[in-house]
Amino acid sequence: MTSWIYLIIAILFEVAGTTSMKLSDGLTRLLPSILIFVFYSVSFTALTLCLRHLDVSVAYAVWSGLGTALIAAIGMAYFKEPLTIFKVFSIGLIVVGVICLNLANGRH
C-alpha cells in the first residue's frame, strides 16, 4: 500500500513540475523555473521508492498515463486550452490503458 502512496505523490509532483514549466514562461520567471526542478526531484524520488514493490511496467504506465490526463485537464481548465471531444476520447483511452495494465498484472 505504501508503494501506491509513493506513486500518487510522484504523479502529483510530476504534474506540479509540468505546470511550473508552463508558468515559467520559457524559464524567464525565477520561482516557477526553480520549482520545476524541486517538483521533479520529489517526483522521481517518490517514483523510485514505489518501484521497490511495484512492477516498473505498471508504475510507469500509471505515472505517465495519469500524469498526462491530469495535465491535459489542467491545460483545458486553467490555461484555457480548447476542449474537444477528440481530446476527451483520447484521455479516456489513456485511463482505460492504465486500468487494463493493472488488471493484466494482478494484485501485489
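Data block above holds the structure.
Here's a quick rundown of the structure. (Residues numbered from 1 in each chain as written. Predicted model: local features only at pLDDT ≥ 70, side-chain atom pairs only at ≥ 80, totals over all residues. Heavy atoms only, no water.)

**Let's talk about the nonpolar core**
Consideration 1: If you look at the biggest cluster of nonpolar residues, it comprises 13 residues, and the most contacted ones within it are Leu7, Ile11, Leu47, Cys50, Val62 and Trp63.
Consideration 2: At the level of elements, α1 (2-23), α2 (30-50) and α3 (56-77) are the ones that each hand at least two residues to this core.
Consideration 3: Setting aside chain neighbours within four positions, we find Leu7 in contact with Leu47, Cys50, Leu54, Ala59, Val62 and Trp63. (Core = buried A, V, L, I, M, F, W, Y, C linked by side-chain atoms within 4.5 Å. Buried < 20%, exposed > 50% of the residue type's maximum accessible area, 1.4 Å probe, protein only. Helix = DSSP H or I, 4+ residues; strand = E, 2+ residues; numbered from the N terminus. Contact = heavy atoms within 4.5 Å.)

**Regarding the packing of aromatic side chains**
Consideration 1: Inspection of the entire model under this criterion finds five aromatic pairs.
Consideration 2: On the basis of an interplanar angle of 35° and a centroid distance of 5.8 Å, the ring pair of Tyr40 and Phe44 is categorised as tilted. One end of the pair is Tyr40 and the other is Phe44, both in helix α2 and four residues apart, which spans about a single turn.
Consideration 3: Under the relative-accessibility criterion, Tyr40 is labelled buried at 16%.
Consideration 4: For Phe44, a relative accessible area of 42% corresponds to the partly exposed category.
Consideration 5: Aromatic side chains Phe44 and Trp63 sit 5.8 Å apart centroid to centroid with 45° between the ring planes, which places their arrangement in the tilted category. Taken together, the residues Phe44 in helix α2 and Trp63 in helix α3 connect sequence positions 19 residues apart. (Phe/Tyr/Trp six-rings, centres within 6.5 Å; stacked < 30°, edge-to-face > 60°.)

**Quick notes on the side chain of Ser3**
Consideration 1: For Ser3, the location among the structural elements is in helix α1.
Consideration 2: Owing to a relative accessible area of 6%, Ser3 belongs among the buried residues under this scheme.
Consideration 3: Filtering out sequence-adjacent residues up to four positions away, Ser3 remains in contact with Cys50, His53 and Leu54.

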